[in-house]
Amino acid sequence: QVQLVESGGGVVQAGDSLSLSCVASGLRFNMYIMGWFRQAPGQEREFVGGITWRGGTSEYADSVKGRFTISRDNARNTVYLQMNGLQPEDTAAYYCAADRTSRQPARATSAYDYWGQGTQVTVSS
């Protein structure tokens, strides 16, 4: 019923940019805070960024602040992650997630109700 489908991952060189998209269906998109997480092999899934219902508040992990930008288009049920200045340490599977309950972007995976399948981002040096 509820689906979050990410796209836009790929293989790039250090310093390059990528834009990820996540299209949601089966939910009232504007009722959900949306988040982006990433997970590298053998590591915990970590918060990248989150955005509130109309995009008024965004939060970022310190590791990506100033390089990544999260945005959303509620008319298209889509959340985006613009990634600039990519570095090898950004290599991970990137997941979008939807949170119905929180009042601000949550950093914990447990706050989110729905998850996408992930899209792989690989940054080579």
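The sections below set out a description of the structure shown in this document. Predicted model, so just to flag it, every value in this text is computed and none were measured.

A word on the state of the cysteines
- Counting across every chain of the model gives one disulfide.
- For Cys22, the disulfide goes to Cys96, at an S-S distance of 1.9 Å. The sign of the 50 degrees torsion about the S-S bond sets the Cys22-Cys96 disulfide as right-handed. Here Cys22, found in strand E3 (residues 18–25), pairs with Cys96, found in strand E9 (residues 92–99); they are 74 residues apart in sequence, far enough to count as distant.
- Classification of Cys22 by relative accessible area gives buried; the value is 0%.

With respect to the sheet that holds strand E8 (residues 78–83)
- Spatially, the four strands line up as an open sheet ordered E1-E3-E8-E7, and their pairing is antiparallel. Each of the sheet's edge strands pairs with one partner strand only, and the pair in question is strand E1 (3–7) and strand E7 (68–73). Neighbour-to-neighbour, the strand axes of the sheet open up by a mean angle of 15 degrees, direction not taken into account.

Basis of the calculations
Residues numbered from 1 in each chain as written. Predicted model: local features only at pLDDT ≥ 70, side-chain atom pairs only at ≥ 80, totals over all residues. Heavy atoms only, no water. Disulfide = S-S within 2.5 Å. Helix = DSSP H or I, 4+ residues; strand = E, 2+ residues; numbered from the N terminus. Buried < 20%, exposed > 50% of the residue type's maximum accessible area, 1.4 Å probe, protein only. Pairing = 2+ DSSP bridges. Axes fitted to C-alpha atoms, helices over the stretch in contact; angles between N-to-C directions.

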